[in-house]
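Take a look at the letters that make up each chain.
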There are 4 protein chains.
Amino acid sequence: MAEELKFPTGLGTSDADSISLLGQDLAADLMGKVGFGELAFWLVARRRPNAGEVRVFEAVLVALADHGFTPTAIAARLTYLSAPDSLQGALAAGLLGGGSRFLGVTEDCGRFLAEALAGGAPDDYPAFATELIATSTGRIPGLGHPVHKVQDPRTPVLIRIAQEEGLYGPHLRLLKAIAAVHPKKLPLNGAGVCGAALADLGLPIEMLRGFALLARAAGLLGQLAEEHRRPVANQIYLTVDRNAVYEP
Amino acid sequence: MAEELKFPTGLGTSDADSISLLGQDLAADLMGKVGFGELAFWLVARRRPNAGEVRVFEAVLVALADHGFTPTAIAARLTYLSAPDSLQGALAAGLLGGGSRFLGVTEDCGRFLAEALAGGAPDDYPAFATELIATSTGRIPGLGHPVHKVQDPRTPVLIRIAQEEGLYGPHLRLLKAIAAVHPKKLPLNGAGVCGAALADLGLPIEMLRGFALLARAAGLLGQLAEEHRRPVANQIYLTVDRNAVYEP
Amino acid sequence: MAEELKFPTGLGTSDADSISLLGQDLAADLMGKVGFGELAFWLVARRRPNAGEVRVFEAVLVALADHGFTPTAIAARLTYLSAPDSLQGALAAGLLGGGSRFLGVTEDCGRFLAEALAGGAPDDYPAFATELIATSTGRIPGLGHPVHKVQDPRTPVLIRIAQEEGLYGPHLRLLKAIAAVHPKKLPLNGAGVCGAALADLGLPIEMLRGFALLARAAGLLGQLAEEHRRPVANQIYLTVDRNAVYEP
Amino acid sequence: MAEELKFPTGLGTSDADSISLLGQDLAADLMGKVGFGELAFWLVARRRPNAGEVRVFEAVLVALADHGFTPTAIAARLTYLSAPDSLQGALAAGLLGGGSRFLGVTEDCGRFLAEALAGGAPDDYPAFATELIATSTGRIPGLGHPVHKVQDPRTPVLIRIAQEEGLYGPHLRLLKAIAAVHPKKLPLNGAGVCGAALADLGLPIEMLRGFALLARAAGLLGQLAEEHRRPVANQIYLTVDRNAVYEP
């Protein structure tokens, strides 16, 4: 069957002499001239961020990169133990834990705020937040943290950075207002605040989880490099296996 | 069974009030103060890079981030088509193609050079390269490119950036010398040059593939964001399925 | 910290002389005596199926194993092209497409029926189905098929096998009643019928997707063996790449 | 660009009225008539196995399905804990550990024997084995087991089943001869014996790891069903996290 095929893309293309990315000459215009975080923002948002946007964006990625022996870090290390020849498999196994529970609050919080603000930013944030809490069914994503029960140390820092860069927008304002008026006086979860900050940067809501995954990819490389240098996965495995008890 | 358990880590730890990463206070000392690429380097190398090292490192990540409709990009898009609710699965599927063939040259080239230089840097690079070519069995990784048959445009730019930052070390020098004296006059593959540059930064050889994967993670997010906005995966699938021919 | 650890399991345990699985002696009681499908059922359901249940269960697995050049099969082949040294990565990439869209109807249909039947099986299936259609918001999973617009050939065969084995239960009956009374006269999707059959076998609803994945794992091995013997992934890649068009 | 596209396959094809698999009518000729293990063999080997071949093949799959709290089982459970909405991600994470170390011996042993037998089966197995041991550099795959130091209980059973079915061929004979003449008197690893049995069935060597993965897919479903019913992953995570010690 003969047919006319056409696959449009605004990302990378190349021919014998040149490589183009995002309509730029990769070698002449991008390498050495844009940072990696800057490029990641550009690739998803289809626009080049300014310096303030890069600073907030990279602060988010730094905040989300690693949290020690999380389930995803342990899964990546165990996979590296089993299949050391396939680093990509160990990294992928770690990222596959980036779902609804441990890494999802960034996306969930950004989405919740974006939907609440779909009709535009309010004049009176406290009143809007009070109304939102009253009409919400279920938990509000971004409120509360299993470990940081008084304050997540990332929260005030990220809000301050956004303010310094003139990027303290409606999503962050609304989230802060929610915490202020909420009867339970719960602290704001730093990963949720990250979602609000990314939404204030205008990044697409359906990709917010992707930025958490990108940040975590760097953290997982750190975990795997440490596993290579000073392994613990075999001890983790043996700890579980030796304490297994048969119960039908 | 009661036992004494201890899992050492130099990465992330946290308690109720603070989060620590690499021995630093994550909120006070890292967020807004280190870039994302800088942190990725630090996590793997266990030392903070200087500004010149960050520039070379991020130039490598930018060089490797995306190459258009590669097999890995197509696999990620097809997986997103099938399971749009699991962005982590689509990203992981794309990274799983980061193995020996399409993404492996960065690691292979760095490893080849590091092994050749295990006894120390030579005085006479051309003579050393000539000897190395004569004694090597099999292809030398980093020589030749399927598309860029005369010159890979990334090659001279990355070498220039390394020179500008005083980071043009023995791995890059040896690779350049190999290309100069090799009888086939093949161009240096940009992804291989990236491996040499990472090795000159002192990064662990067994993690070089990991940096290619981190770079590709950003590129794949770009691909998935584009697939969300202007999908092509279904057309790719139908192109294959409609032209399937049964042959036993 | 000394602590008492205990990880209960009813699956595999072993010591120096024996291996036990599901409370059985693996070597003496299982190998050569239970079939592979039978064991898969037993592992999930925690009870050994009888011969009729095995026949229906394996008919479902056979029905779902392969459907040619699906997005998941293409993704697996492209991953094998990129990373041929990691068969597990190619298989995993293929399975990651087993999400809501292309492989989800088995689980979705089983779940929909199980929830409808939560109060017990009805006396009058047509009336119950009519009421269910009237009160359902959204599409009913298992109704309609993009290719088999008149009849999915798997549907009557699977229903007949279930009837022959005395396993034509409330889930299959209700699904058939829905199709009969639905105003659109849509055919029953075979993958949805599989979900109803698995539910009638008493298998846990939250694992139904898992059986579709197990079936697909066999199909993907067939795809990868064929890719090894007579590759097409490189041609698929080149078809897309050569017809790429830059559009910002 | 108009072009003639053709993607050959001997697996699944379908049109509006029928589904074909391996040249058979899926609904009329396969469902309810072939077992699932039988189909998996057929898909990879491109020929239908006889009853004896199915028995040996399924005994191998049963032998390899689950071994309790292996690193892959723990990784799958931790991934399910983190992302419970994506069963395919948890299964894929578990399979990604199916690499060189914990699941590789099946493939490695089959490959070693197949290469040794490339010139044909010997007349005198003990002499051939002695010569092979003398000329082998490195470990012989399939000899020795970390837990079963005297005898792996799977070994004699699988050899007996192969003998009963007339499928005790050169790969199994050679492996047994190697163990008999080897100076270290090591037991045969059951997973290695599985590789020899699969090779004697004429299955392609490069797919042997794939059968171990298929078997493990069933075991992992059992692990995930148990994790759903009686979770341990959170306790595993907390055991590691609470015993983390910062060491630079």
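Scoring rules and cut-offs
- Residues numbered from 1 in each chain as written.
- Chains lettered and ligands numbered in written order.
- Predicted model: local features only at pLDDT ≥ 70, side-chain atom pairs only at ≥ 80, totals over all residues.
- Heavy atoms only, no water.
- Helix = DSSP H or I, 4+ residues; strand = E, 2+ residues; numbered from the N terminus.
- Contact = heavy atoms within 4.5 Å.
- Polar contact = N/O pair within 3.5 Å; in protein donor to acceptor, adjacent residues only side chain to side chain.
- Nonpolar A, V, L, I, M, F, W, Y, C, P; charged D, E, K, R; others polar.
- Pairing = 2+ DSSP bridges.
- Least-squares fit on C-alpha atoms with pLDDT ≥ 70 in both.
- Phe/Tyr/Trp six-rings, centres within 6.5 Å; stacked < 30°, edge-to-face > 60°.
- Buried < 20%, exposed > 50% of the residue type's maximum accessible area, 1.4 Å probe, protein only.

Enquirer: Explain the environment of Pro84 of chain A to me, and be specific about the residues and the numbers.
Expert: Turning to its location among the elements, Pro84 of chain A is positioned in the loop between helix H4 (71-82) and helix H5 (87-95). Taking the C-alpha atoms as reference points, Pro84 of chain A and Leu224 of chain A, 140 residues apart in sequence, are found 9.9 Å from one another. Sequence-distant contacts of Pro84 of chain A, defined by excluding residues within four places in its chain, comprise Ser100 and Arg101 of chain D.

Enquirer: Now, about the interface of chain B and chain A: what can you tell me, with residues and values included?
Expert: Across the contact, 89 residues belong to chain B and 90 residues belong to chain A. Counting across the interface, chain B meets chain A through 20 residue pairs in polar contact (both at pLDDT 80 or more). For the side of chain B that touches chain A, the element with the most residues is helix H11 (residues 208-229) of chain B, which contributes 17 residues. Its residues assigned to classes, the side of chain B that touches chain A comprises 47 nonpolar, 24 polar and 18 charged.

Enquirer: Kindly report on the sheet that holds strand E4 (residues 19-21) of chain C, identifying the contributing residues and their values.
Expert: Residues and elements named next belong to chain C. Taken together, three strands build an open sheet; the order of strands is E3-E4-E5 and the sheet is antiparallel. On the outer flanks of this sheet lie strand E3 (12-14) and strand E5 (24-25), each paired with one strand and no other. In this structure, E3 lies alongside E4, joined through three bridges in antiparallel fashion. Bridge pairing in E4 links Ser14 to Ile19.

Enquirer: Quick one: what's the story with the sheet that holds strand E4 (residues 19-21) of chain A, residue by residue and with numbers?
Expert: Strand order in the open sheet formed by three strands is E3-E4-E5 (chain A), and the pairing between neighbours is antiparallel. Both edges of this open sheet fall to strand E3 (12-14) and strand E5 (24-25) of chain A, since each of them pairs with a single strand only.

Enquirer: Can you tell me about the relation of the copies chain C and chain A, naming the residues and giving the values?
Expert: Between chain C and chain A, which share one sequence, the superposing operator has a rotation angle of 180° and an axial displacement of 0.0 Å; the RMSD is 0.0 Å. Such a combination of rotation and displacement between the chain copies is what one expects of a two-fold axis. The residues that chain C uses at the interface reappear at the interface of chain A in 100% of cases, marking a shared surface.

Enquirer: Lay out the relation of the copies chain B and chain A with the relevant residues and their values.
Expert: Take chain B, turn it by 180°, move it 0.0 Å along the axis, and it overlays chain A with an RMSD of 0.0 Å. Residue by residue, 100% of the interface of chain B is reproduced at the interface of chain A, so both copies engage with the same surface.

Enquirer: Let's hear about the packing of aromatic side chains: which residues, and what values?
Expert: Applying the stated rule across the entire model yields 10 aromatic pairs over all chains. Ring centres of Phe41 of chain C and Phe57 of chain C lie 5.3 Å apart, and the angle between their planes is 85°; this geometry places the pair in the edge-to-face category. Residue Phe41 of chain C is found in helix H2 (residues 36-45), and its partner Phe57 of chain C is found in helix H3 (residues 51-64); the two are separated by 16 residues along the sequence. Of the aromatic side chains, those joined through ring pairs into one cluster are Phe41, Phe57 and Phe211 of chain A.

Enquirer: Lay out unusual backbone geometry in plain terms, naming residues and giving numbers.
Expert: If you check the backbone angles, Lys185 of chain A has positive phi at about 50° while not being a glycine. Residue classification places Lys185 of chain A among the exposed residues on the basis of a relative accessible area of 59%. Positive phi, close to 60°, is recorded for Arg46 of chain B, a residue that is not glycine. If you trace the backbone, Arg46 of chain B turns up in the loop between helix H2 (36-45) and helix H3 (51-64). Here Arg46 of chain B falls in the partly exposed class, since its relative accessible area comes to 23%.

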